[in-house]
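Topology and contacts: notes
Single-letter residue listing:
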Amino acid sequence: MTFENPSPTLDRPPRGEFLRFLRAAAVFFRGFLENPAMVASVVPSSQATIDAMLAKVDWARCKLFVEYGPGVGTFTTRILDCLPPDGRLLAIDTNPRFVAFLRETITDPRLEVVLGSARDVERIVHEIGESHADYIISGLPFSSLPEDVAQEIVAASYAVLRDGGAFMTYQFRPTARALTAAQFERIDTGLALFNIPLCVLAWGWKEAPAAAREAA
Ligand SMILES: C[S@@+](CC[C@H](N)C(=O)[O-])C[C@H]1O[C@@H](n2cnc3c(N)ncnc32)[C@H](O)[C@@H]1O
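The following refers to the structure shown.

Cut-off values and rules
Every residue gets a number counted from 1 within its own chain, in the order that chain's sequence is written. The model is predicted, so local features are restricted to residues of pLDDT at least 70 and side-chain atom pairs to those at 80 or more, both for listing and for counting; the totals for chains, interfaces and linings are taken over all residues. Using the backbone to place each C-beta atom, any residue with that atom within 6 Å of a molecule or strand is considered near it. Counting from the N terminus, the helices are DSSP H or I runs at least four residues long and the strands are E runs at least two residues long. In this classification, Asp, Glu, Lys and Arg are treated as charged, Ala, Val, Leu, Ile, Met, Phe, Trp, Tyr, Cys and Pro as nonpolar, and every other residue, Gly included, as polar. Throughout, a residue-residue contact means that the two C-beta atoms, derived from backbone geometry, are no farther apart than 7 Å. To count as a nonpolar core, a set of buried Ala, Val, Leu, Ile, Met, Phe, Trp, Tyr and Cys residues must be joined through C-beta atoms within 7 Å. Any residue surrounded by 20 or more other C-beta atoms within 10 Å of its C-beta is treated as buried, while 12 or fewer makes it exposed and the intermediate range makes it partly exposed; C-beta atoms here are placed from the backbone. When we speak of the arc, we mean the arc of directions from the helix axis to the C-beta atoms.

**What about the site of the ligand?**
- Not every one of the 23 residues close to the ligand is listed here, only the nearest: P44, S45, G69, G71 and G139.
- Counting residues per element, the ones that place at least two in the shell around the ligand are α2 (36-39) and β2 (88-93).
- The class makeup of the residues in the shell around the ligand is 12 nonpolar, nine polar and two charged.

As structure tokens, then:
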């Protein structure tokens, strides 16, 4: 389900949109040059990847959406277009350049951009006054992260999700999918062919405990 956005996410005419795109590409490329291991890509994700990842989201049930590694906002603006008017989007990135760019260019009050690590998602979610996330999408380069950090991020994501929520990853390598399969009760997988390079997609679903499901 897609909600009409009462106020435009970005205060920009079409020309402004194009200029933002050019600036975003430059900021992203500079971020990559400064920290290639953490950014792990020279170009942002394709529209096909974004559409495929978000197709499984039940927007009517989404009050808090969390995004790890938003970069220059390739997914962020699309998520805001779909999010209900009373929903919130928490975007967490370790790169101060990307955080500053997002804060400057996206003025939507539903967006909270935090400079920090996905590892601290539980604390950050509580600090913004929420108890659980409905969905988490991760653009993190899992294969570049130390293995224990990667595992901690997936475990913290599981802990902070509500029952029925999903942890979604898109990555050039299958690392995130394997970590998700090890932590979550159910997993869907896919492949984004129209992405350079190809992208492995995964959705890990947190199921309600068996006892609760039987009682329902
Ligand atoms: C491949 S880029 C993804 C950018 C964007 N989401 C996209 O799809 O085009 C990876 C992003 O993860 C961020 N990042 C890396 N490690 C992180 C961590 N531990 N917590 C939060 N963000 C992190 C980087 O700064 C970068 O913005």
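**Notes on the environment of L201**
- When you line up the elements, L201 lands in strand β7 (residues 199-205).
- Each C-alpha atom of the pair L201 and M168 lies 7.5 Å from the other, and the pair is 33 residues apart in sequence.
- Discounting chain neighbours no more than four positions away, the residues touching L201 are A52, M53, Y170, T189, G190, L191 and A192.

**Quick word on the nonpolar core**
- One finds V66, Y135 and I136 to be the most contacted residues of the largest nonpolar core, which totals 55 residues.
- Among all residues touching I136, those that are not within four sequence positions of it are V66, Y68, S157, L161, F167 and M168.

**Overview of the environment of G31**
- Looking at the element boundaries, G31 is found in helix α1 (residues 14-34).
- It is 7.8 Å that separates the C-alpha atoms of G31 and N95, two residues lying 64 residues apart in sequence.
- Dropping the residues within four chain positions of it, G31 is found in contact with V39, N95, R97 and F98.

**Notes on helix α5 (residues 96-105)**
- Residues F98, F101 and L102 constitute the buried set of α5. Down the axis, α5 shows its buried residues gathered within 95° of arc, on one side only. Residues of α5 that are exposed and point more than 90 degrees away from the buried face comprise P96 and E104.

All we've got here are geometric facts, nothing functional implied.
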